[in-house]
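# A look at the structure
Residues per chain are reported as follows:
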Amino acid sequence: MKRGALIVFEGLDGCGKSTQLRRAAEALRSRGTEPVVTREPTGGRWGLKIRAMAQSGERVSPATELEWFFEDRREHMREIVGPALEEGRIVLSDRSYISTVAYQGARGLDVEKILSDSEAEFNRPDLILLFEISAKEGLARVNARGGKREPVFENLPFLERAAEIFGTLEVAGLARIDAARSEDEIAPDVLRLITICLDDRSDV
Ligand code: TYD
């Protein structure tokens, strides 16, 4: 049996990662593999607290924000991701700690420290798909799709700082994808990267 794999979809709000994750999950299903599809912030107590804060428009301190994302991730890793990987499943996660590096880094916290603390504590992704788009284009897409707004994170100066951090990150397993293209152009690239990653896994 091959070991499990953690594949993380990352990028700015409006980059199209959630759509691509859905498409990748469908492609895996059609090949006979049922992936575990999950996301952060989660629907758990910390995740709900984060979403309520994001939608309220009222920020908490950067340190508190960071703590909430770490707590949410601890619960997520313990209850969903860790057990799924133990079972040899393929986990597709909409965001993980690379988002904390970029977004809480954009709040002025230490980017290198967030990354090293995260790598020390959490499962390292086998593949990080980083969907690259400008903050302006991402925000325009968020505005166009309507739905619940999260003004705390979805504002241009903040997303521009996050984009800059995403743009300069150097992390093992990170693949950059030009997300300014159409959904249909991007999907085969995503699938190709996932296939290579899965084929490379060792047997257990
Ligand atoms: P998002 O993936 O946009 O969820 P939804 O589509 O349900 O709104 O995530 C919500 C926001 O949380 C997003 O603006 C990015 C932010 N975020 C962080 O600031 N740090 C993190 O560690 C994570 C996971 C998300």
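Use the structure listed above.
Here's a quick rundown of the structure. Values in this document were obtained by computation on a predicted structure and should not be read as measured data.

Running from amino to carboxyl end, helix H3 (residues 62–86) crosses helix H4 (residues 97–105) at an angle of 175 degrees, the nearest separation of the two axes being 11 Å. When the axis of H3 is compared with that of H4, the two are roughly antiparallel. Between H3 and H4, the contacting residues are Glu65, Leu66, Phe69, Phe70 and Arg73 on the first element and Tyr97, Thr100 and Gln104 on the second. Residues of the contact of H3 with H4, tallied by class, amount to 4 nonpolar, 2 polar and 2 charged.

To continue, consider unusual backbone geometry. A cis amide bond links Glu40 with the next residue in sequence, Pro41, at an omega value of -5 degrees. Its location among the elements puts Pro41 in the loop between strand S2 (36–39) and helix H2 (45–56). Even without glycine at this site, Arg95 takes up a positive phi of about 75 degrees. Among the structural elements, Arg95 can be located in the loop between strand S3 (90–94) and H4.

A word on the nonpolar core. Core analysis: the biggest nonpolar cluster contains 61 residues, and Ile7, Phe9, Leu92, Leu129, Phe131, Val190 and Ile194 have the highest contact counts within it. For this core, the element with the most residues is H3, which contributes 7 residues. Residues in contact with Ile7, not counting those within four places in the same chain, are Ile90, Val91, Leu92, Ser93, Leu127, Leu129, Ile194 and Leu198.

In an α-helix, one turn spans 3.6 residues, which is why side chains three or four residues apart end up on the same side. A rise of 1.5 Å per residue sets the reference length of H2, with its 12 residues, at 16 Å; its end C-alpha atoms lie 17 Å apart and thus fit the reference within 8%. Burial in H2 covers these residues: Trp46, Gly47, Ile50, Arg51, Met53 and Ala54. Axial view of H2: buried residues confined to an arc of 160 degrees, hence all on one face. On its buried face, H2 sits against S2 and H3. Looking one or two residues past H2, Gly57 carries a phi angle of roughly 85 degrees, positive in sign.

Right, let's get into the site of the ligand. Near the ligand you find 15 residues, and of these Arg39, Arg51, Arg95, Thr100 and Gln104 are the closest. Between Arg39 and the ligand, the recorded distance is 2.4 Å, taken from a side-chain N or O atom to an oxygen atom. Within the contact set of the ligand, an oxygen atom lies 2.7 Å away from a side-chain nitrogen or oxygen of Arg95. If the ligand stood free it would expose 550 Å²; the protein chains cover 90% of that surface. Going through the elements one at a time, H3 and H4 are the ones with two or more residues in the shell around the ligand.

Put simply, helix H1 (residues 17–30) and helix H8 (residues 183–199) touch, their axes get as near as 10 Å, and they point 55 degrees apart. When the axis of H1 is compared with that of H8, the two are oblique. In the packing of H1 onto H8, the handedness of the crossing is right-handed. Residues Thr19, Gln20, Arg23, Ala24, Ala27 and Leu28 of H1 pack against Glu183, Asp184, Ile186, Ala187, Val190, Leu191, Ile194 and Leu198 of H8. Looking at the contact of H1 with H8, its residues break down into 9 nonpolar, 2 polar and 3 charged.

This brings us to the pattern of salt bridges. Counted according to the given criterion, the structure contains 21 salt bridges. Close ionic contact of Glu75 with Arg45 constitutes a salt bridge, the shortest N to O distance being 3.1 Å. Taken as a pair, Glu75 in helix H3 and Arg45 in helix H2 lie far apart in primary sequence, 30 residues in all. Relative accessible area serves as the criterion here: at 10%, Glu75 is assigned to the buried category. Taking the shortest distance from any N to any O, the salt bridge between Arg149 and Glu154 comes out at 3.1 Å. Residue Arg149 is classed as partly exposed on the basis of its relative accessible area of 33%. On the basis of relative accessibility, which here comes to 8%, the residue Glu154 falls in the buried class. Salt bridges linked by common partners bring Arg23, Glu183 and Asp184 together as one network.

Criteria and thresholds
- Residues numbered from 1 in each chain as written.
- Predicted model: local features only at pLDDT ≥ 70, side-chain atom pairs only at ≥ 80, totals over all residues.
- Heavy atoms only, no water.
- Axes fitted to C-alpha atoms, helices over the stretch in contact; angles between N-to-C directions.
- Helix = DSSP H or I, 4+ residues; strand = E, 2+ residues; numbered from the N terminus.
- Parallel < 35°, antiparallel > 145°, perpendicular 65-115°, else oblique.
- Contact = heavy atoms within 4.5 Å.
- Nonpolar A, V, L, I, M, F, W, Y, C, P; charged D, E, K, R; others polar.
- Core = buried A, V, L, I, M, F, W, Y, C linked by side-chain atoms within 4.5 Å.
- Buried < 20%, exposed > 50% of the residue type's maximum accessible area, 1.4 Å probe, protein only.
- Expected span 1.5 Å × (residues − 1).
- Arc of directions from axis to C-beta.
- Near = heavy atom within 4 Å.
- Polar contact = N/O pair within 3.5 Å; in protein donor to acceptor, adjacent residues only side chain to side chain.
- Areas by Shrake-Rupley, 256 points an atom, 1.4 Å probe, with all protein chains shown as cover.
- Left-handed = near helix turned anticlockwise from the far one by under 90°.
- Salt bridge = Lys/Arg side-chain N within 4 Å of Asp/Glu carboxyl O.

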